[in-house]
Each structure stands twice: as C-alpha cells, then as structure tokens.
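# Summary of the model geometry
Here's the letter readout for the chains.
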Amino acid sequence: MRREASTPRDGWEEIIESQGLAYHRSAHPVHLSRPYWDESVHYTFTMQEVLDLESQVEELHAMCLEAVGHVIARERHRDFALPEWAVPEVEASWRRRDPHVYGRFDLRYDGTGPAKLLEYNADTPTSLVESSLIQWFWLKDVHPDGDQWNSLHERLIDRWKELPLQSGPAHFAWTNMDETGEEVMTLGYLQETAEQAGLRTVAVAMEDIGWDARGLRFVDMEQRVIRTLCKLYPWEWAVADPFGPQAVKQQISMTWIEPLWKMLLSNKALLAVLWEMYPGHPNLLPAYLDGPRDLPAHIEKPLLGREGASMRIVTPEGTESTEGGYGAEGYVYQEFRALPDFDGWRPVLGAWVIGDEAAGLGIRETSGLITDDSSSFVPHRIIP
Amino acid sequence: MANPEPDPALPPHRLAQGAASQQGKPPGKGKGWSSSAITLGTMGLLSTLVIGFCAAQDTFADRVTADCVDLNSRQGDGSYQVVDDDRCDDHYHGSHGAYGWYYGGARAAGRVLRGTTIRPANAHISARSGTVIQRGGFGGRGSGGS
C-alpha cells in the first residue's frame, strides 16, 4: 500500500459532476482548501494485499452475522439500546433472514498488518457513487489498463436480481432534509442499478410516504402500495418516528433495504460483542461497553453516532474530542490505534460488502485522527 | 422536484454510449475484482437535477383531496361517480383503466365535480372516503448516510 501523487485530469470537476458526484461541492465544508474528491493523489495496492483484504472483509462479515444471532439468542439487545417494543420484530426479521443488499466496513490498514475493524456501516452506507463509479472512470481515464478493487456496479445489479421481491415497483426513498444532494444521488444510483437488474422503480421522499390506516400499508403519492422500500434513512430514526410502530410491524409483509435486523450491525455495541465472541482476533481491536478497562489508550464512540461526531480519544498524552449531539444511548470503548500516516494524511479504508461478498474499496483521508465530514475521497488502483 | 426519475425517452447518456461497445463482453466471473463495463443511464441527468433539488421542496404545498371515480361516468355537468378507493389501487384486479383519481373536486350526492384527473404537482394528497392516508410520519431529522 503506497500513496502516490498524480496529475488531475483536465476538467476533472465537470467530469465527475457529469458522472454523478454533484455533491462534491455541496456536502463539503466550504472553508477547506482540499476538494472532497481529490485525484491529485491515489493509493496503490498489490494484488496480494487486495486478496488478503478481501478475505479479511468476508471473514469480518461472517463474524458480524454470527454476532447478530448471538445477540438475539442471548437477549443482548439492551446493550444496543433498542426500544423494547421493537425487539420481537428485529428478532423475527433475523429469523426470516429478511434480505440485505450492502454495507461498508471502515478499516484501519497500513499495508503491514491485518486490517482492524473500526465500524460497520451496515444500514445506511454512503460514498457509494464515488466508490463504484467516479474512481472507476478515473482509472479508465488515467490508467486504461489498470485494475481496481471494484466490482460494486455489477454486484449490485446481480444482488437486485437475486432478491426475492414482491410484486409492484421498488420504491427508493430519500429525505427532503438532505440539503447536499448526497442522499438523492446515492439513491438515484441504487435505483439505476435496480433498473438495470430489470426492476420497476419509483422514487419517493420519506416525508411523503403515506400510511393507509384502513389497509394497514404504506403508500406513495400515487396511492400505490409500497412493498419494497430502499432507504438511506437510519432504522433508529425510523423506529423513533411517528410511523415507527407501523414500519416495524409491517416488516413481515414488506421488504426494506436494509432490513430491520441490521440495527444490530449498524450500532457500535457490535464492536464489544465481537471482541467478546472472538477475543484476540487479528481484525478486531479490544472494545468494551462498561468502560475502557485496562486499555492504555482508548476512543469513546457513541453507539449510534454518525460522521465521526461525539467521539473522544483518551491517551496518556492527552484527550481529543469531536463535537456532536450523539451518545444519549451510550458509548463503546475501543482501543485507540491512530490511523496510519501517509505524507501527513490518514486514510480509512471503506471496504464494501454486497450480499455476503467483498465487492470493492473506497478510501477517505483526513488530516486528523478521526474521519469526519472534512475527509476527502481519493481513488486507488491495483499494481501488478 | 417530486421524482428524480429520468425520462425514459431521453437518449442514453454520452457515457453510456462510450461503454456500449463493451456490452458484449461477459461480466467478471466469480471472484473478479473489477467492473468489466459500466453503463450510466441516468447518473448525469440526476446530477443536474440535484442542483435545483432544494429549491423545489414543497414544505408548504397545498393539501388536495382525491376521490376514486369511475372515469366512464362523466355527465354533462362534468361530474363523476365516486367509487370505492380500492378500485384505484394499483392491485385492483377489475377493469383497472376505468377508474382513476380525481383531485380537488367538490363532493355532492355521491358524485364529484370541479376537480381534475391530472395530479397536482407539489401537493399532499389524501383520499377522502374510508381510506385515511396519513403522511409526514417519517423524516424531519436531517440526512442519514454514514
């Protein structure tokens, strides 16, 4: 794994916007000098590194599925701060194996040792467009004969094809609150892959979803019944919304992507459960729910935080924390291992899982120790 | 903007045309690492839609009532016979084309008039009879990607 400088393509901004990255301006804090998409650098990996990472990702995913079963069998849902009333339906969703499409592991990796799991964005993962499309077209433009760890596009199409979906169109729901366009673009891309898989699709705003109190079903603006709903709206928000009880109750007759049981993966209590189940596993860092115990340095992560907010790093040298309003439902205490330093920048590997298989990589860099909304996405390629 | 779906009649995106020559190739088999060919049908179009996206949100949109009507029942005064909402449902198995939603009409004696069969843009629509469609039960929290 190396970090290399490269010359941006002429007109790169127009190119990436035409390919769907409209939010590279809008989603990025304006005071930053560095653009969100930065092709003046890229990472290179050897094929062996990619093969190793791929198998580690698939092992982590398999361990995570084991953890869901474990949490349900041992009734550990309180550690995840799930509302009690929703628990039976979360369990039922898992027992039915309600179908899932995708997720993104965030990994600490420096090319020398095993990747370490930082979190699993298993419910509402983003940076999909830049991972699947933008860096792929960059590769084809800049290194036409090069290779990349990226089969996201066709894996998504294949996944839609194999899903056991009910009749009627699949609805893709974004929220009107998304001011950056990131969500609508991500959902637009997912919708595109579903269309290419032969599905009939409809876009709808979460706010416009209607509840038919007589028919006990959700409907769209045209009064069509919603049987398949692909959302980028976190389950913990949906559960707490006025329609939450209906949404949870209807899972038996609807397909939500991602499914309800992913509440047990997109929650950082997972990190502590994994460490309990697989202590000393090379891809895990020690993590606890009851405090930092004997960790020499640790990071406190809110169970349901987003974008690196509300975190606190505690080391013998001092503490560092990020702003945010998360943490009401509790924290996990994970060993702190600083992100590796490449020319003063710290990459986090976002490793994608489609279905149950590793499917690609997206890298974000920050100057600080916590990857937040100031990070930049940089492409990668595989070198012979 | 109610719906970012592209117009299917539009020609393929120029990127899609570039990729078209690769379409005959089989996709990566088994454990392939990389995409063999990507066609982009709508992403560029979506991208331009996003620019105007926020401006077009309809927080203060009108509320419009809808009635399911028998479209063949139009009389001289322009009124339609109101029928059960189920007949306008997507999964009604009767003669589906004969029924449709009628928006913003005035009800009188089982008929409805002075409305339109064209769905108003930027309006929250609720059916009048029996079916109670509540909306707005999701959302209002910000963007949820992670």
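Residues numbered from 1 in each chain as written. Chains lettered and ligands numbered in written order. Predicted model: local features only at pLDDT ≥ 70, side-chain atom pairs only at ≥ 80, totals over all residues.

### Concerning the overall build of chain A
The number of helices and strands found in chain A is 10 helices and 19 strands. Relative to the compact-globule value of 21 Å for 384 residues, chain A shows a C-alpha radius of gyration of 20 Å, a close match. With the C-alpha coordinates aligned to their principal axes, the bounding extent of chain A is approximately 60 × 50 × 40 Å. Looking at the 384 residues of chain A, the share that counts as buried comes to 54%. For chain A, contacts bridging at least 24 residues in sequence account for 70% of all contacts bridging at least 6. (Helix = DSSP H or I, 4+ residues; strand = E, 2+ residues; numbered from the N terminus. Rg over C-alpha atoms; globule rule 2.2 N^0.38 Å. Buried ≥ 20, exposed ≤ 12 C-beta atoms within 10 Å, placed from the backbone. Contact = placed C-beta atoms within 7 Å.)

### Details of the overall build of chain B
Each helix and strand in chain B was counted, giving 2 helices and 7 strands. Helices and strands appear in chain B in the N-to-C order α-α-β-β-β-β-β-β-β. Classification of the 146 residues of chain B by burial places 29% in the buried group. Put simply, 55% of the contacts in chain B that link residues at least 6 apart link residues at least 24 apart.

### Re helix α6 (residues 152–162) of chain A
Residue and element names in this part refer to chain A. Most of α6 sits out of view: 8 of its 11 residues are buried. Taken together, the buried positions of α6 are occupied by L152, H153, E154, R155, L156, I157, R159 and W160. For α6, the elements touching its buried residues are α5 (128–142), α7 (182–196), β16 (346–354) and β17 (357–366).

### Some points on the nonpolar core
Core analysis: the biggest nonpolar cluster contains 111 residues, and A173(A), L264(A), L270(A) and A351(A) have the highest contact counts within it. Residue contacts for A351(A): discarding those within four places in its chain leaves L53(A), V57(A), R104(A), F105(A), L107(A), A358(A) and L361(A). One finds V69(B), V82(B), Y99(B) and V112(B) within the second-largest nonpolar core, a separate group that totals 10 residues. (Core = buried A, V, L, I, M, F, W, Y, C linked by C-beta atoms within 7 Å.)

### Re the sheet that holds strand β6 (residues 201–205) of chain A
All names here are of chain A. Across the sheet, 4 strands lie side by side as β6-β5-β9-β10; this open sheet has parallel pairing. What marks the edges here is a single partner per strand, and that holds for β6 and β10 (255–257). Across the sheet, the axes of successive neighbouring strands diverge by a mean angle of 25 degrees, strand direction being ignored. Inspection of the sheet shows strand β5 (residues 170–174) paired to strand β9 (residues 228–231) by 4 bridges, in the parallel sense. Across the sheet, residue A173 finds its bridge partner in β9, namely K231. Most of the contacts of α7 go to β5, to which it runs at about 165 degrees, and overall it touches β5, β6 and β9. (Pairing = 2+ DSSP bridges. Axes fitted to C-alpha atoms, helices over the stretch in contact; angles between N-to-C directions.)

### Remarks on the confidence of the model for chain B
Residues and elements named next belong to chain B. Summary statistics for chain B give a mean pLDDT of 60 and a share of 37% for residues scoring 70 or more. Model confidence for chain B, summarised as mean pLDDT per element, is weakest for helix α1 (residues 14–20) at 33 and strongest for strand β2 (residues 80–82) at 87. Contacts of residues 1–32 to residues separated by more than four positions or lying in other chains number 43 contacts, the stretch itself having pLDDT below 50. In this model residues 48–61 is a low-confidence stretch, pLDDT under 50, and it forms 18 contacts with partners more than four residues away in sequence or in other chains. Prediction confidence for the complex, expressed as pTM and ipTM, is 0.79 and 0.85 respectively. (pLDDT = per-residue confidence, 0-100.)

### Structural notes on the environment of F377(A)
Residues and elements named next belong to chain A. For F377, the position within the fold is in strand β18 (residues 376–378). Owing to 23 C-beta atoms within 10 Å, F377 belongs among the buried residues under this scheme. Put simply, F377 and Q135 are 242 residues apart on the chain and 9.3 Å apart in space, counted from C-alpha to C-alpha. Setting aside residues no more than four positions away along its own chain, F377 makes contact with Y36, W37, S127, E130, G362, I363 and R364.

### Concerning the sheet that holds strand β19 (residues 380–383) of chain A
All names here are of chain A. Strand order in the open sheet formed by 3 strands is β1-β2-β19, and the pairing between neighbours is mixed. Looking at the sheet topology across the chains shown, the edges are occupied by β1 (2–5) and β19. Taking the axes of each pair of neighbouring strands and ignoring which way they run, one obtains an average angle of 35 degrees across the sheet. Together, β2 (41–46) and β19 form the strand contacts of helix α3 (residues 47–73), whose direction differs from that of β2 by roughly 80 degrees.

### Notes on the pairing of β9(A)
Residues and elements named next belong to chain A. Here β9 shows a buried face lined by T228 and C230 and a second buried face lined by L229 and K231. The pairing of β9 with β10 spans 3 bridges and is parallel. Its bridge partner lying in β10, C230 is registered against I257.

### Quick notes on the packing of α6(A) against α7(A)
All names here are of chain A. In the contact formed by α6 and α7, the axes pass within 8 Å of each other and the chain directions differ by 60 degrees. On the basis of their axis angle, the class for α6 and α7 is oblique. Regarding α6 and α7, the two cross each other, and that crossing is right-handed. Seen from α6, the contacting residues are H153, L156, I157 and W160; seen from α7, they are T193, A194 and Q196. Across the contact of α6 with α7, the residue classes break down as 4 nonpolar, 3 polar and no charged. (Parallel < 35°, antiparallel > 145°, perpendicular 65-115°, else oblique. Left-handed = near helix turned anticlockwise from the far one by under 90°. Nonpolar A, V, L, I, M, F, W, Y, C, P; charged D, E, K, R; others polar.)

### Considering unusual backbone geometry
Residues and elements named next belong to chain A. Put simply, I257 and E258 share a cis peptide bond, and its omega is 0 degrees. For E258, the position within the fold is in the loop between β10 and α10 (269–277). Within the chain, R97 stands out as a residue other than glycine whose phi angle is a positive 55 degrees. The exposed category is assigned to R97, around which 10 C-beta atoms lie within 10 Å.

### Let's talk about the environment of D147(A)
Residue and element names in this part refer to chain A. Along the polypeptide, D147 turns up in the loop between α5 and α6. Using a count of 17 C-beta atoms within 10 Å as the deciding quantity, one classes D147 as partly exposed. On a C-alpha basis, the gap between D147 and I383 in space is 7.3 Å, while along the polypeptide they are 236 residues apart.

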